Amino acid sequence: MYFLAIGILGACIGSFLNVVILRLPQNKSIALPASHCPHCSHPLKWYHNIPLISWLMLKGKCAFCQTPISKQYPLIEAACALCYVLVAWRIGTLTQALLLGTIFSLLLALSVIDMRYKAVPDALTLPALFLAFLYRLPLESLQNGLIFLGAFALLRLSVSALAKKEAMGEADSIIAGIIGALLGIQLGFIAIYIAALIALVALMLLRKKGYELPFIPFLSLGLFIAWIFDQPILTFMEHWYE
Ligand SMILES: [Zn+2]
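Residues numbered from 1 in each chain as written. Predicted model: local features only at pLDDT ≥ 70, side-chain atom pairs only at ≥ 80, totals over all residues. Heavy atoms only, no water.

Our focus in this paragraph is the coordination of the zinc ion. Reference geometry at the metal: tetrahedral coordination by four donors gives ideal angles of 109.5 degrees; octahedral coordination by six donors gives 90 or 180 degrees. Looking at the zinc ion, one finds its protein donor set to be Cys-37 (SG), Cys-40 (SG), Cys-62 (SG) and Cys-65 (SG), positioned 2.3 Å from the metal centre. Relative to the metal, the four donor atoms surrounding the zinc ion lie at angles of 104 to 119°, and the coordination shape comes out tetrahedral. Mapping the donors of the zinc ion onto the primary sequence yields the spacing C-x2-C-x21-C-x2-C. Here Cys-62 lies in the loop between helix 2 (53–57) and helix 3 (72–90) and Cys-37 lies in the loop between helix 1 (2–23) and helix 2, a separation of 25 residues in the sequence. Of the two residues, Cys-37 and Cys-62, both sit in the buried class. (Donors = N, O, S within 2.8 Å, 3.2 Å for Na, K, Ca; no water. Tetrahedral: all angles 85-135°; square planar, octahedral: opposite > 155°, others 65-115°. Helix = DSSP H or I, 4+ residues; strand = E, 2+ residues; numbered from the N terminus. Buried < 20%, exposed > 50% of the residue type's maximum accessible area, 1.4 Å probe, protein only.)

Structure below.
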């Protein structure tokens, strides 16, 4: 029952984030107008807005004009639901689980926005960072987060100066701060290492000239992988140092 409630909450958050992903980068209001079909602009009924269920009931089509609805909607809702359940399953305290689930969901939304627009709104990165600072109270997350944020900002400035062009985005430093706050120094480094590694592979596979790879999806993936495999990674590192 507990996990079902958490999963439903996650799906609702995902549903809200779909609106945020669609409207925030275009500076449109999140609250108004009420949900409508992007194709025929017909306002949706409340029962067209139930996360996951509505999409399945409508078989992925608008109820009014039959235009296919993007699969991104149910995918994000399902991913958020899964995220919350996974987090609640691994973390005993409800406050920490809700905090972490929300941060992961925000990172998911940020990843999608970064892939689409190559820029992300501070209105999403800063709340995520603030929540991450609260993860381990009173000061542990704040301290680790600020160390990572500072180190990444410095790295960005030096690389930009050397390359004589802007390297990485400002938002990447904020995501690094979130990683430090949630994982701590040791595991945080591993997360960024994993992120860089996957990004490198993606870069080699894509090989498009002048293609600017959005980094937030990779940082988020690195964070998620390091968080899931924290115990094996830490055990491995202990043996490594011996
Ligand atoms: Zn329609």
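After that view of the structure, there is still more to cover.
Bringing the nonpolar core into the picture now. Among the nonpolar cores identified, the biggest contains 58 residues, and Leu-100, Phe-104, Leu-107, Leu-124, Ile-178, Leu-182 and Leu-183 are the most heavily contacted of them. For this core, the secondary-structure elements that each account for two or more residues are helix 1, helix 3, helix 4 (94–117), helix 5 (122–133), helix 6 (140–163), helix 7 (170–206), helix 8 (216–228) and helix 9 (230–241). Per-element accounting of this core gives the leading share, 17 residues, to helix 7. Once you skip the residues sitting within four places of it in the chain, Leu-183 turns out to touch Gly-188, Ala-191, Leu-223, Ala-226 and Trp-227. (Core = buried A, V, L, I, M, F, W, Y, C linked by side-chain atoms within 4.5 Å. Contact = heavy atoms within 4.5 Å.)

At the junction of Leu-137 and Pro-138, the peptide bond is cis and its omega measures out at 0° in the coordinates. Inspection of the secondary structure puts Pro-138 in the loop between helix 5 and helix 6. A positive phi angle is found at Leu-52, which is not glycine, with a value near 65°. With respect to the helices and strands, the residue Leu-52 is situated in the loop between helix 1 and helix 2. Overall, the relative accessible area of 28% leaves Leu-52 in the partly exposed class. Even without being glycine, Gln-66 reaches a positive phi, approximately 65°. One can find Gln-66 in the loop between helix 2 and helix 3.

Moving on: the pattern of salt bridges. Any two side chains of opposite charge can pair, so long as their charged atoms come close to each other. Per the counting criterion, the structure on display carries two salt bridges. In this structure, Asp-230 engages Arg-90 in a salt bridge whose closest nitrogen and oxygen atoms are separated by 2.9 Å. Of this pair, Asp-230 sits in helix 9 while Arg-90 is found in helix 3, placing the two residues 140 residues apart along the sequence. Residue Arg-156 pairs with Glu-170 through a salt bridge whose shortest N-O separation is 3.9 Å. Residue Arg-156 is located in helix 6, and its partner Glu-170 is located in helix 7; the two are separated by 14 residues in the primary sequence. (Salt bridge = Lys/Arg side-chain N within 4 Å of Asp/Glu carboxyl O.)

Let's shift gears to the domain arrangement of the protein. Partitioning the protein into domains gives domain 1 (1–90) and domain 2 (120–242). Taking the mean C-alpha position of each, domain 1 and domain 2 sit 28 Å from one another. Taken together, the contact pairs six residues of domain 1 with seven residues of domain 2. Taken together, both faces of the contact between domain 1 and domain 2 bury some 560 Å²; the carbon and sulfur share is 79%. Considering only the side of domain 1, the residues that lose the most area to domain 2 are Leu-24, Leu-86 and Arg-90, jointly responsible for 70% of the buried surface there. In this structure, the connection of domain 1 to domain 2 is made through one salt bridge. If you look at where domain 1 meets domain 2, you find three residue pairs in polar contact (both at pLDDT 80 or more). Per element, the largest residue contribution to the side of domain 1 that touches domain 2 is four residues, and it comes from helix 3. Of the residues assigned to the side of domain 1 that touches domain 2, the class counts are five nonpolar, no polar and one charged. (Domains from an automatic or database assignment. Buried area = accessible area lost by both parts, 1.4 Å probe. Polar contact = N/O pair within 3.5 Å; in protein donor to acceptor, adjacent residues only side chain to side chain. Nonpolar A, V, L, I, M, F, W, Y, C, P; charged D, E, K, R; others polar.)

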